[in-house]
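Remarks on the overall topology
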Amino acid sequence: MRFGVLGALGVWSADGETVAAGGPQLRALLAMLLLNVDQTVGVRRLVEGLYGPQAPSGAAHALQSQVSRLRRRLGAAGETGDLLQYGPAGYRLLVDPGDVDVHRFERLAGEGRHVLAVGDHAGAARLLGEALELWRGPALADVIDAPFAEEQAARLEELRIAVLEDLVEARLARGEHRDLAAELPEFVAAHPLRERLRGQLMRALHGSGRKAEALQVFEEARRMLAEELGVDPSPELGGVHVAVLRAGSSPAEEAGGGVPAQFTSFVGRDGDLERVRALLGQRRLVTLTGPGGVGKTRLAVEAAGRERDEVRFVDLAPLADGAAAPQALINALGLREAGLVPALSGPLDPVDRLIAGLADRRVLLVLDNCEHVVAEVAALARRLLAACRDLRILVTSRERLGITGETLHPVPPLPLDGGGPEALDHPAVRLFADRAAAVRPGFLIDDANVDAALRLCRALDGLPLAIELAAARMRSLTLEEVEARLDDRFRLLSRGDRSAAPRHRTLRSVVEWSWDLLSRPEQALAARLTVFSGGAPLHAAARVCGPSEGEVVELLADLVDKSLVEAGGGRYRMLETVREFCAERLAGDGDRERLRAAHAAYFLESARAAEPYLRGPDQLEWLARLDAERGNFHAALHWAAGADPVLGLRLLAALSWQGQLRGLPGERAAVAAGLLMTIGDEPPAGLEEEYTLCLAHAAAADNVHDQRLRDHLERLADRRLRYPFLRVLRFMVNGPCHADGEAPADPWSQAFTRLESGVKSLLGGERDTAEEAFRAALEGFRGTGDRWGVLTALEQLAGFADEPGFAALMAEAIDLAERLGAGEDLTRLLVRNADGLADAGRLLAARAGYEHAIEFARRAGTPETQAGAQRGLADVARLRGDLPAARELYDRALRGCGRASMGGALTRWRILIGLGRIAEAEQDAGQASLRYRQALATARAYGDRPAAAASAEALAAVAAFNAVGR
């Protein structure tokens, strides 16, 4: 049995049935025993808890009677044995604490606090959220009049609010500022004296870019505390106030804009920063030029971080060739692709997709490290700037782009003019002092050592990266020792290749010198770490780079101390310049292929381990884990395509569902095409499913694979599938079909089969059967915890609901799409929601909904979903009698939905019907007949019987009207 006191007292049998707990006295007794489950509660304590300190005579006998009745009720509910035992000290209820909600709540709350304290914010949010979900209302709600209850209810309510505050803390750490800014005012109003909640609201508002409102919350708290209690805000709340006052851009502006967080102070570039900001206010294309290590990236980040417009940062250093630049921008802008199937009618040019996503959007693009792809970036920048009038671009490169309209800002080394005491203010010296103090607390540059610091900075040509690397050596060397070592190293390298840029020689010498100071094991690990792209978590570094996790932990700590590796967020990364240098040493060791094979095998194992969880309740957490390893998956796929095609097939298949949820087919299509060329026209033995998923990825960019994909999907029609995503793929490509010969075994596939059956029934005109199937699918997906499946089933069920029901179903579906980060799905749902408003006659609200959806579609860069929203605006204009505006919107929408998909077909059908209605209103029977015939053909092509019937009916009505007219 299960018991609950977090709300009205509840008792449930093993099969979930509610068990009546009896009258007020019996429920109060059971509640007291549940609060102290598996502990002995004295008779006197029970009597006073039920009847008060002044209990009437005979209360003990009354208690015995209540205990007897409670035993009978528990027995009648099916419990065997005596759960309620009596001993010399009192009564004891023998129930597992895990079966009582209050004890589960306290356990989850404690675990959540512990996990939060160690920095696992995702785990803390999950545990604390589970704890709060146990509450069904005010604690002890139906026994609150019992003498014991008020104090216990107050205690539990205090715990609940504390857990809520801990959950808010975890969500703030995860960057959920905007959601919390909307949710917290209600809690603050309910608990006005909770200063922690007010401080959290201030942080959420500031993190959402609403600094003024955050400060207003503090003023309201200060005024309320003074008036109500005559006290000032606590030091903690005052600290939040000071932090908001002093803060620059908000966390939302930094994270939402994509500007990388910086872990060190910005030193020595104030003049350059002002100049770049001024140029960005006047010019649309600004390029920062200079040698490697001079600080171009940091200057660009600081300038972009002070912008009011949306900012997107794109690091192009990992690109192997310039052809991948558009896809890198697509990823940085969050332009989710449509999935694997809509491109079957032909690929959408990535630059056109970028233009669609950037049109009418005020954005500053920061394109970092462009020198190795400068020609392609120049062509891309020219097209984007010509098509998107509100776009600005800030470039960092060792050479200019060389296109019209480009404004250059050469970034020089830090100045080193003069000497003596005034050298204390030199930017290069200040930078060295700042970074040296970070590794040797208390270190200062003063009159005694300023000349040595100045000589060192001059030896490094004022290059910030070289200065920072030299300063890191201050952890174990004196300033004089650092200077002496640099002098020896540079004297040797000064006789090298005179054709190379002096600053390049200097930077290389600093990195090489840092390398030489490493021990042999540290050098080996530093070289091996270069097989990772975008860094690696500790477990991955240990598995791939070995020999053991314990040794890797110690070596990584040393590499972090020596500034060869950066640590943050549970990951270890290298500066790109350092990584390139270390990679050369790995190539010299002849160890590269073995490590790449180990790297690919590790990430295949990781992808396989994650894949089942992407269809369950923890899918958001697992998607985030896979997102963090996106660079590593990309590197492993590219290596496997040439070195181990079978591993490549398996890895691509394991990542397919993640790619569908995140919209990533574009960046994997080239790998898939290469695998197909290597493997040939038939799959390797036992890899038929993997081969088919590879075909799907290739078809996303080239429709030459269309028919082969359809054929291979049909071959899999009657078998139990190892990759459930193939069911979705077959449905989207070949349409709904009958159930497989062998029923699926896993619950997710069973739920999807019901969903597919519902669509088939709906297209066949069997609405009752379809609704029943969709309800079964929804129940199945809720059981698995898959948000994608739930939102898909909710969307279908909404078509059967009345107006309030439709609104509730769509609201839940939209919320799930937002949590998944599914931009295109969200846009489609917004259009569907606006359709419901239009169907209810609420045209003004519908128009606002369609306009909202168009904005989302523009941001997602998806012409097809944008066409659906434009179709909705056209419907509104037509229904309001504005036929010219409606026709223009219909025509524009029709141009945007020419791709082959079931959703696109429905949009085209609705557009054609709308154009036919306009023609009818204008008494143009010929044009109306043409549009209705086109609509009929579209519906028949996709097997949509209700749409086909509606088209035929409209066509017949026009024909009849025309006959009467003649």
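Report follows, based on the coordinates. Because the structure is a prediction, the values reported are computed rather than measured. (Residues numbered from 1 in each chain as written. Predicted model: local features only at pLDDT ≥ 70, side-chain atom pairs only at ≥ 80, totals over all residues. Heavy atoms only, no water.)

Observations concerning the packing of aromatic side chains
- If you walk through the whole model with that rule in mind, you get 16 aromatic pairs.
- With centroids separated by 5.2 Å and ring planes inclined at 45 degrees, the aromatic side chains of W657 and F725 adopt a geometry described as tilted. With W657 in helix α30 (residues 656-662) and F725 in helix α34 (residues 725-734), this pair connects stretches of sequence that are 68 residues apart. As far as burial versus exposure is concerned, W657 and F725 are alike and both buried.
- Consider the rings of W748 and F752, whose centres lie 5.8 Å apart with planes at 5 degrees: the pair is stacked. Taken together, the residues W748 and F752, both in helix α35 (residues 747-763) and four residues apart, mark about one turn of the helix. Of the two residues, W748 and F752, both sit in the buried class.
- Looking at R615, its charged tip hangs above the ring of W748, at a distance of 5.6 Å from the centre. (Phe/Tyr/Trp six-rings, centres within 6.5 Å; stacked < 30°, edge-to-face > 60°. Helix = DSSP H or I, 4+ residues; strand = E, 2+ residues; numbered from the N terminus. Buried < 20%, exposed > 50% of the residue type's maximum accessible area, 1.4 Å probe, protein only. Lys NZ or Arg CZ within 6 Å of the ring centre and 35° of its normal.)

Observations regarding the packing of helix α41 (residues 863-879) against helix α42 (residues 883-895)
- At a minimum axis separation of 8 Å, α41 and α42 run at an interaxial angle of 165 degrees. One finds that α41 runs roughly antiparallel with respect to α42. Helix-helix and strand crossings are classified by hand; for α41 and α42 the assignment is left-handed. Residue-level inspection shows A867, Q870, R871, L873, A874, D875, A877 and R878 of α41 in contact with α42, the latter providing L883, A885, A886, L889, Y890, R892 and A893.
- Here the contact of α41 with α42 is composed, by residue class, of ten nonpolar, one polar and four charged. (Axes fitted to C-alpha atoms, helices over the stretch in contact; angles between N-to-C directions. Parallel < 35°, antiparallel > 145°, perpendicular 65-115°, else oblique. Left-handed = near helix turned anticlockwise from the far one by under 90°. Contact = heavy atoms within 4.5 Å. Nonpolar A, V, L, I, M, F, W, Y, C, P; charged D, E, K, R; others polar.)

Quick look at the packing of helix α17 (residues 427-439) against helix α19 (residues 464-472)
- The geometry of α17 relative to α19 is characterised by a closest axis approach of 8 Å and an angle of 35 degrees between their N-to-C directions. Along this stretch, α17 crosses α19, giving a crossing that reads as right-handed. Contact with α17, carried on its side by A428, L431, F432, R435, A436 and V439, involves P464, I467, E468, A470, A471 and A472 of α19 and no other residues of that element.
- Looking at the contact of α17 with α19, its residues break down into ten nonpolar, no polar and two charged.

As for the side chain of S656
- With respect to the helices, strands and loops of the structure, S656 is situated in helix α30.
- A polar contact is formed between the side chain of S656 and the backbone oxygen of L652, at a distance of 2.9 Å.
- For S656, the contacting residues outside a window of four places in its chain are L693, H697 and F725. (Polar contact = N/O pair within 3.5 Å; in protein donor to acceptor, adjacent residues only side chain to side chain.)

Remarks on the side chain of K296
- Tracing the backbone shows K296 in helix α13 (residues 296-305).
- Only 3.1 Å separates the side chain of K296 from the backbone oxygen of G290, close enough to count as a polar contact.

Quick notes on the sheet that holds strand β11 (residues 536-537)
- If you trace the three strands from one edge of the open sheet to the other, you get β11-β13-β12, paired in antiparallel fashion. The open sheet has two edge strands with one neighbour each: β11 and β12 (566-568).
- As paired strands, β12 and strand β13 (residues 571-573) are joined by three bridges and run antiparallel to one another. Considered in β13, the bridge of E566 is made with R573. (Pairing = 2+ DSSP bridges.)

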